[in-house]
Amino acid sequence: MTLSLTRKLLMPALLASLIAPLSLAASAAPDQRSDVKQELFERAGIDQKTRDALKQARQDYRESMMELRTEHREKVDKILGEDGQAALEKAKQEMREERRAELEKAREKRIHSLYDKWGLSDDTRETLDQQRGQFRSDAEALKDKEFESSEARREAWKELITTQRDALSEHLDEEQMKALGEAMRPQGRGGPQGGGHPHDGDKGEAHNDA
């Protein structure tokens, strides 16, 4: 990093620290943040000239950080080279695939443990597995499909979920479907809707496996 860049980073950072209290406004709604900032400035007795200087300092800080990130990325690329970058990306992909396979194996083990607990017949087990597989395929297709509106997408998901639930209800009661939904979720993570139903788990599964 050049000396000029170092100075450029340090000065805005120092100035930016003066407006740290403004973080209090971060959790406010967008249309309220401006009013909160103005109130803070007024209470602190900060005039408009100083406010403008602080605003410019913040902008300089952001630009400096972007410049630093770009410089860092270029250095990393130069150190690794094309072969190193390709090898790293391949390793990342392999690790993702291995992790995905581990999660799927653990999920299937949990599900089939439930089948054992419920004393399901081989035919019922096969039917349930086929239904789950079909749901995953349909969910993947639905996830990649383009819709005219978000409402149309929600309706399509709702219809798919209802279809899956109706299919499962032919073989399982409410408590069993809830337990199956929990087993379908990746261990230690909740489904997207947190309702504990089988369609929640499969919907999350479709997204997580993408």
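Residues numbered from 1 in each chain as written. Predicted model: local features only at pLDDT ≥ 70, side-chain atom pairs only at ≥ 80, totals over all residues. Heavy atoms only, no water.

The name an unreviewed UniProt entry assigns to the protein chain is LTXXQ motif family protein, from the organism Halomonas halmophila.

K.L.:
Please clarify how the nonpolar core should be interpreted in this entry.
P.N.:
A general tendency of soluble globular proteins is for nonpolar side chains to be buried together. The biggest cluster of nonpolar side chains holds twelve residues, and these are Ile 111, Leu 114, Tyr 115, Trp 118, Leu 120, Leu 128, Leu 168, Leu 172, Met 177, Leu 180, Ala 183 and Met 184. Of all elements in the fold, only helix 3 (48–118) and helix 6 (174–184) reach the threshold of two or more residues within this core. The residues that make up this core include at least three from each of domain 1 (44–118) and domain 2 (120–185). With near-sequence residues (within four places) excluded, Tyr 115 lies in contact with Leu 120, Arg 125, Leu 128, Asp 129 and Arg 132. Phe 135, Leu 142, Ala 156 and Leu 160 belong to the second largest nonpolar core, which has six residues in total. (Core = buried A, V, L, I, M, F, W, Y, C linked by side-chain atoms within 4.5 Å. Buried < 20%, exposed > 50% of the residue type's maximum accessible area, 1.4 Å probe, protein only. Helix = DSSP H or I, 4+ residues; strand = E, 2+ residues; numbered from the N terminus. Domains from an automatic or database assignment. Contact = heavy atoms within 4.5 Å.)

K.L.:
How should the pattern of salt bridges be read in this particular structure?
P.N.:
Pairing between side chains of opposite charge can happen when the charged atoms of each approach one another. Taken as a whole and assessed by the stated rule, the structure comprises 15 salt bridges. For the salt bridge of Glu 39 with Arg 43, the shortest nitrogen-to-oxygen distance reads 2.7 Å. Here Glu 39 and its partner Arg 43 are both found in helix 2 (residues 30–44), four residues apart, which amounts to about one turn of the helix. Overall, Glu 39 belongs to the partly exposed group, its relative accessible area being 38%. The residue Glu 104 makes a salt bridge to Arg 107 at a minimum N-O spacing of 2.8 Å. Residue Glu 104 and its partner Arg 107 are both found in helix 3; the two are separated by three residues, about one turn of the helix. Ionic contacts of the salt-bridge type, sharing partners, join the residues Glu 108, Asp 129 and Arg 132 into one network. (Salt bridge = Lys/Arg side-chain N within 4 Å of Asp/Glu carboxyl O.)

K.L.:
How do you make sense of helix 6 when you look at a structure like this?
P.N.:
Since the α-helix turns once every 3.6 residues, residues separated by three or four places project in the same direction. Three or more residues of helix 6 are buried, namely Gln 176, Met 177, Leu 180, Gly 181, Ala 183 and Met 184. Buried residues of helix 6 fall within an arc of 160 degrees about the axis and therefore sit on the same side. Near the N-terminus of helix 6, the side chain that reaches the backbone nitrogen of Glu 175, with its oxygen 3.2 Å away, is that of Asp 173. (Arc of directions from axis to C-beta. Polar contact = N/O pair within 3.5 Å; in protein donor to acceptor, adjacent residues only side chain to side chain.)

K.L.:
What am I meant to see in the packing of helix 5 (residues 150–169) against helix 6 here?
P.N.:
Each pair of packed helices can be summarised by the angle the axes make with each other and by the distance between the axes. The interhelical angle for the contact between helix 5 and helix 6, taken along N-to-C directions, is 125 degrees, at an axis separation of 10 Å. One way to sum up the angle between helix 5 and helix 6 is to call them oblique. For the pair helix 5 and helix 6, the crossing hand works out as right-handed. Facing Arg 165, Leu 168 and Ser 169 of helix 5, the residues of helix 6 in contact are Glu 174, Met 177 and Leu 180. (Axes fitted to C-alpha atoms, helices over the stretch in contact; angles between N-to-C directions. Parallel < 35°, antiparallel > 145°, perpendicular 65-115°, else oblique. Left-handed = near helix turned anticlockwise from the far one by under 90°.)

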